[in-house]
Amino acid sequence: MLYEEAIDYLYTRLPMFTRDGASAFKKDLSNSLRLCAALGDPHRQFKSIHIAGTNGKGSTSHMLAAILQLAGYKTGLYTSPHLVDFRERIRINGVPIPKKEVAGFVDRSRSLVEEIQPSFFELTMVMAFAYFAREHVDIAVVETGLGGRLDSTNIITPLFSVITNIGYDHMAMLGNTLPEIAAEKAGIIKPEVPVIVGERQEEVSGVFDRAAAERQSVLTYAAEWWQPVAQQRGEAHQEIEVVHRSDGGHFRYALDLMGGYQARNLPGVLQAVTELRSQGYAIAEPDVSAALKQVQQLTGLRGRWETLSTRPLVICDTGHNEDGWREVLANIQATPHAALHLVIGVMRDKDLSHMLPLLPTHGRYYFCQVDMPRALPAVELLEQAQGYGLSGSAFPGVMPALQAAKTQAQEADLIFVGGSTFVVADLLASHDAGADGSRSNTG
């Protein structure tokens, strides 16, 4: 089987949440356990860190992987979804899984797929675990896909768990209140396994306190130990100064991840480093600083307040729920610009009554949709947006919308592209290919 054939098989044969929505979400772990059992339980053959949360879990996963990698550990990284290349989901020391590994795994697993009928996410996760086990990684950073308790990744028993924060997202599957959503995320807490929660949110902290107590797990709120006290954005990096509350020590980090919201993610990352050190991992402070300065280069992370071109400034971000939008809008406000143009697309299952009221009425909107069944048609998005005083036009795709924005924008303007991970994925795929089909860095 060739790589292209394997990818086609994965996309067309297996239920995908990104394409099919809730029907592809399996609310139990039986398929994952059966798949792993058939492959010799690879999830038991490497050490891991398990990361969940509504927002920030992707950035947190990549920052931790970068730190472990620079500290000299062979580091696996499993994240989802991918933006441009399927192989982004599975990396070792920042290098994507080879195409021949993907093709070989799919080819060997076809009879197993016919027997167990797994989802796309279940099979690709087991592919990652089998690859990590075979390559003898020292440690793997594993990001949940959806929720926690019933997420396929919850078959692992990690060194510790990290939960970044809780917000409104995927309510149809996780619950309509923050405590209900928190209870699903808290499902990754294992008996006697430490857990780090990035932020203490009064509405949900009791959920984590009870879950940790019931499972005799040591619970630490990272924000109670690490306090960001200053944040300054430069051209290529932002500097975040944090204070360790126990001893008053000051630390200054330069991050290549430019979103202002990284100041909320950083305490959880630093507390995770503290936990790793307590468990015997040798991580020098210079490695932490150096890793945070080059997360994108070390791990391949994309789409976090990423600048694609200037004059006019074009920036994309994968924030796609209420809290994610609040952070995006704070970044927009902090970015010098004249007029604001927004290329926006969303999925059908998003609660627009939470998102649309946040958006600035002074912006010019270019509503679009990606080519997948879950996407909300641009015309419908436009109609709903008009009810909140937002004006603009509808376009059949991301690139036509962006081209229209570029036509209207002046050099000092800002064009923001987002609303959905898949809008950003579509944008980056076209951007990387370039107008002539070759790779381009100019946009």
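This one's a predicted model, so the numbers in the text were calculated from it and none came from an experiment.

## A short note on the overall build of the chain
For step 1, the next point in the chain: Within the chain, the secondary structure is distributed over 17 helices and 17 strands.
For step 2, the next point in the chain: Its C-alpha radius of gyration of 21 Å places the chain within 12% of the 22 Å reference for a compact globule of 443 residues.
For step 3, the next point in the chain: For the C-alpha atoms alone, the extent of the chain along its principal axes is close to 60 × 55 × 40 Å.
For step 4, the next point in the chain: For the chain, with 443 residues in total, the buried portion stands at 60%.
For step 5, the next point in the chain: Contacts in the chain between residues at least 24 apart in sequence constitute 72% of all its contacts with a sequence separation of at least 6.
For step 6, the next point in the chain: Only carbon and sulfur atoms are counted for the fraction: they give 49% of the accessible area of the chain, which is about 17,500 Å².

## Description of the sheet that holds strand β11 (residues 249-255)
For step 1, the next point in the chain: One open sheet accounts for three strands, arranged β9-β10-β11; its pairing is antiparallel. One side of each edge strand has no neighbouring strand; the edge strands of this open sheet are β9 (226-233) and β11. Along the sheet, successive strands turn relative to each other by an average axial angle of 20°, direction set aside.
For step 2, the next point in the chain: Sheet topology places β9 next to strand β10 (residues 238-244); seven bridges connect them, and they run antiparallel. The residue of β10 that forms the bridge with Trp 226 is His 244.

## Regarding the environment of Pro 42
For step 1, the next point in the chain: Considering the arrangement of structural elements, one finds Pro 42 in the loop between α3 (30-38) and β1 (48-52).
For step 2, the next point in the chain: Between the C-alpha atoms of Pro 42 and Arg 233, which are 191 residues apart in sequence, the distance is 42 Å.
For step 3, the next point in the chain: For Pro 42, the contacting residues outside a window of four places in its chain are Cys 36, Phe 129, Ala 130 and Ala 133.

## Description of the packing of aromatic side chains
For step 1, the next point in the chain: The final tally for this structure, using the stated rule, is 14 aromatic pairs.
For step 2, the next point in the chain: Here the aromatic cluster, defined as three or more aromatic residues joined through ring pairs, consists of Phe 46, Tyr 78, Phe 121, Phe 129, Tyr 131 and Phe 132.
For step 3, the next point in the chain: Against the face of Tyr 366 rests Arg 364, its NZ or CZ located 5.7 Å from the ring centre.

## Focus: unusual backbone geometry
For step 1, the next point in the chain: In this structure, the amide linkage connecting Ser 80 to the following residue, Pro 81, adopts the cis form with an omega of -10°.
For step 2, the next point in the chain: For the bond running from Arg 311 to Pro 312, omega is 0°, close enough to zero to count as cis.
For step 3, the next point in the chain: Note that Pro 312 resides in the loop between β12 (306-309) and β13 (313-316).
For step 4, the next point in the chain: At Gln 117, a position not held by glycine, the phi torsion is positive, near 60°.
For step 5, the next point in the chain: The topology assignment puts Gln 117 in the loop between α5 (99-116) and α6 (120-134).

## Looking at the state of the cysteines
For step 1, the next point in the chain: Considering all chains together, one arrives at zero disulfides under this definition.
For step 2, the next point in the chain: Sulfur of Cys 316: no disulfide; nearest cysteine sulfur belongs to Cys 368 and is 12 Å away.
For step 3, the next point in the chain: A relative accessible area of 0% places Cys 316 in the buried class.
For step 4, the next point in the chain: Judged by relative accessible area, Cys 368 falls into the buried class, the value being 0%.

## Here we look at the packing of α3 against α5
For step 1, the next point in the chain: Contact geometry for α3 and α5: axes closest at 11 Å, N-to-C directions at 150°. As for the relative orientation of α3 and α5, their crossing is right-handed in sense. Residue-level inspection shows Asn 31, Arg 34, Leu 35 and Ala 38 of α3 in contact with α5, the latter providing Leu 112, Glu 115 and Ile 116.
For step 2, the next point in the chain: Taken together, the residues that form the contact of α3 with α5 break down as four nonpolar, one polar and two charged.

## Digging into helix α16 (residues 398-408)
For step 1, the next point in the chain: Among all positions in α16, only Val 398, Ala 401, Leu 402, Ala 404 and Ala 405 are buried. Take α16 and look down its axis: the buried residues cluster within an arc of 160°, on one side only.
For step 2, the next point in the chain: The elements touched by buried residues of α16 are β13, β14 (340-344), β15 (364-367), β17 (414-418) and α17 (421-433).

## Observations concerning the environment of Pro 396
For step 1, the next point in the chain: Mapping Pro 396 onto the fold places it in the loop between β16 (391-394) and α16.
For step 2, the next point in the chain: A relative accessible area of 67% places Pro 396 in the exposed class.
For step 3, the next point in the chain: Residues Pro 396 and Asp 371, 25 residues apart in the sequence, show an inter-C-alpha distance of 8.9 Å.

## A closer look at helix α11 (residues 285-292)
Since the α-helix packs 3.6 residues into each turn, any two residues three or four apart lie on the same face.
For step 1, the next point in the chain: Listing the buried residues of α11 in full gives Val 288, Ala 291 and Leu 292. One side of α11 holds all its buried residues, which, seen down the axis, span an arc of 95°.
For step 2, the next point in the chain: Residues of α11 that are buried sit in contact with α4 (57-70), β11, α10 (262-278) and α12 (295-299).

Reading the values: the criteria
Residues numbered from 1 in each chain as written. Predicted model: local features only at pLDDT ≥ 70, side-chain atom pairs only at ≥ 80, totals over all residues. Heavy atoms only, no water. Helix = DSSP H or I, 4+ residues; strand = E, 2+ residues; numbered from the N terminus. Rg over C-alpha atoms; globule rule 2.2 N^0.38 Å. Buried < 20%, exposed > 50% of the residue type's maximum accessible area, 1.4 Å probe, protein only. Contact = heavy atoms within 4.5 Å. Areas by Shrake-Rupley, 256 points an atom, 1.4 Å probe, with all protein chains shown as cover. Pairing = 2+ DSSP bridges. Axes fitted to C-alpha atoms, helices over the stretch in contact; angles between N-to-C directions. Phe/Tyr/Trp six-rings, centres within 6.5 Å; stacked < 30°, edge-to-face > 60°. Lys NZ or Arg CZ within 6 Å of the ring centre and 35° of its normal. Disulfide = S-S within 2.5 Å. Left-handed = near helix turned anticlockwise from the far one by under 90°. Nonpolar A, V, L, I, M, F, W, Y, C, P; charged D, E, K, R; others polar. Arc of directions from axis to C-beta.

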